Amino acid sequence: MATTNVKAYGTGAPDAALAEMNIERRDVLANDIEIEIMYCGVCHSDLHFARNDWGMTTYPVVPGHEIVGKVTRVGSGVTKLKVGDFAAVGCLVDSCRTCSSCEKDLEQYCLNGWVGTYGGYDKHLDQPTHGGYSQKIVVDENFVLTVPANLNLAAVAPLLCAGITTWSPLRHWNVGKGTKVGVVGLGGLGHMAIKLAKGLGAEVTLFSRTPGKEKDALGLGADAIIISTDEAQMASVTGKFDVIIDTVPYVHDVNPYVGTLAISGTLVIVGYLGGLEPILNTVPLIMGRRSVTASLIGGIAETQEMLDFCGKHNIVSEIELIKMQDINDAYERMLKSDVRYRFVIDMASLKG
């Protein structure tokens, strides 16, 4: 099929820096929307995938799944958006659409394998999908989202991953007015968990390993902060929380947080892939019908719900805008947690 060459930033090897390259985008099909990418958020997943940390990367790879831009072309069958509208694309660009998960708008759990915005399989081009570190993208309208007009477009970008990753468990576990929510970790995911939980009416507490984040946490909407390394402070919240959103992206001990759950409370892991160390102690689980579980992004309908909610409540991410050419430095800073709280690439910088 006909294709167009576009500029992008990607890498051809796990130990190589990201650099400018050309990639192919398919021409618009009947149900497709072409988007000129204006902003793309930078996610930890981008770094992990670029460096093959999960052992599943096919090279070359162009990361980026927090995409906001302007519609430049639409297929003949498209009804959702028109040329000139603002649009967004998150972590998914396709799924089987027929399995029991897809029928329930849970495309992120597609039983036949959802198609990632990068690193997936483009059935039209018979090659891996490429992400948002590029000038444009072509996506089926069923996986394109609308953007509330009142929101800062650059600050919307991280909502497409960090936002929905925390929104989905908050909604699934029925967080609302009067719910007591704990958030473990104050980073890209954690700051969105605080904002969204507070927007839903919850009482929100941040768990942090070190002092010094109280001002930031309170500014984001948290009602309190607990230093998780302080035994007295941890004891003061024993049995308190209905839901805890654990956003820490590396192996850590979740046992101290389990004890702060209320009866029938749930701790949801959203930031870490891998085995738990030390081993999970089941005693407080059994004695209080407490649960430790996990959650993955969200489906398209749920992501649109989140964007609409953010538009109504004027919620966006806290960002640092960077040029595309600064992405390798941004990756190194991200590893040091040297960002408050999410990098977003101004894709205009790729035009030069």
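Undergrad: Teacher, can you tell me more about the pattern of salt bridges here?
TA: If charged atoms from side chains of opposite charge come close, those side chains can pair. According to the stated counting rule, one finds 18 salt bridges in the structure shown. The shortest N-O distance in the salt bridge between Lys-136 and Glu-34 comes to 3.7 Å. Here the residue Lys-136 occupies a position in strand 10 (residues 136-140), and Glu-34 occupies one in strand 3 (residues 32-41), the gap between them amounting to 102 residues. For Asp-338, the salt bridge is made with Arg-333, and the minimal N-O distance between the two is 2.9 Å. Via salt bridges that share partners, Asp-94, Arg-97, Lys-123 and Asp-140 belong to a single interconnected network.

Undergrad: Can you help me understand the nonpolar core in this one?
TA: One broad trend across soluble globular proteins is that nonpolar side chains are buried collectively. Among the nonpolar cores identified, the biggest contains 91 residues, and Tyr-133, Val-156, Ile-327 and Tyr-331 are the most heavily contacted of them. Excluding residues within four positions of it along the chain, Tyr-331 makes contact with Leu-18, Val-42, Asp-46, Leu-47, Ala-50, Arg-51, Pro-63 and Tyr-133. Ranked by size, the runner-up nonpolar core spans 13 residues in total, among them Val-248, Tyr-257, Ile-269 and Tyr-272.

Undergrad: Where do I start with the environment of Gly-12 in this structure?
TA: Within the secondary structure layout, Gly-12 lies in the loop between strand 1 (3-10) and strand 2 (19-26). Looking at Gly-12, the relative accessible area reads 53%, which means it is exposed. Expressed as a C-alpha distance, the spacing of Gly-12 and Asp-246, which sit 234 residues apart in the sequence, is 33 Å. With residues near it in sequence (within four places) discarded, Gly-12 still touches Tyr-59 and Pro-60.

Undergrad: How do you make sense of the pairing of strand 16 (residues 261-269) when you look at a structure like this?
TA: One face of the sheet, then the other: side chains in a regular strand alternate in exactly this way. The buried count for strand 16 comes to seven of nine residues, which makes it a mostly enclosed element. In the sheet, strand 15 (residues 241-246) pairs with strand 16 via five bridges, with the strands oriented parallel. Looking at the pairing, Ile-244 lines up with Leu-267 of strand 16. Inspection of the sheet shows strand 16 paired to strand 17 (residues 291-294) by four bridges, in the parallel sense. The residue bridging Ile-269 from the neighbouring strand is Ala-294, located in strand 17.

Undergrad: Can you walk me through the layout of surface pockets in this structure?
TA: Think of a ball as big as a water molecule: rolled over the atoms, this probe shows where empty space is left. In this model, the second largest pocket occupies a volume close to 330 Å³. As for the second largest pocket, its lining consists of 25 residues, and the residues nearest its centre are Arg-26, Val-93, Asp-122, Thr-129 and Val-138. Considering every element that reaches the lining of the second largest pocket, the biggest residue donor is strand 10, with four residues. Looking at side-chain class alone, the lining of the second largest pocket contains nine nonpolar, seven polar and nine charged residues.

Scoring rules and cut-offs
Residues numbered from 1 in each chain as written. Predicted model: local features only at pLDDT ≥ 70, side-chain atom pairs only at ≥ 80, totals over all residues. Heavy atoms only, no water. Salt bridge = Lys/Arg side-chain N within 4 Å of Asp/Glu carboxyl O. Helix = DSSP H or I, 4+ residues; strand = E, 2+ residues; numbered from the N terminus. Core = buried A, V, L, I, M, F, W, Y, C linked by side-chain atoms within 4.5 Å. Buried < 20%, exposed > 50% of the residue type's maximum accessible area, 1.4 Å probe, protein only. Contact = heavy atoms within 4.5 Å. Pairing = 2+ DSSP bridges. 1 Å grid on protein atoms, 1.4 Å probe; cavity = no way out; pocket = protein on both sides within 12 Å on 5 of 7 lines; lining within 4 Å. Points joined across faces, edges and corners; volume = space filled by probe spheres on them. Nonpolar A, V, L, I, M, F, W, Y, C, P; charged D, E, K, R; others polar.

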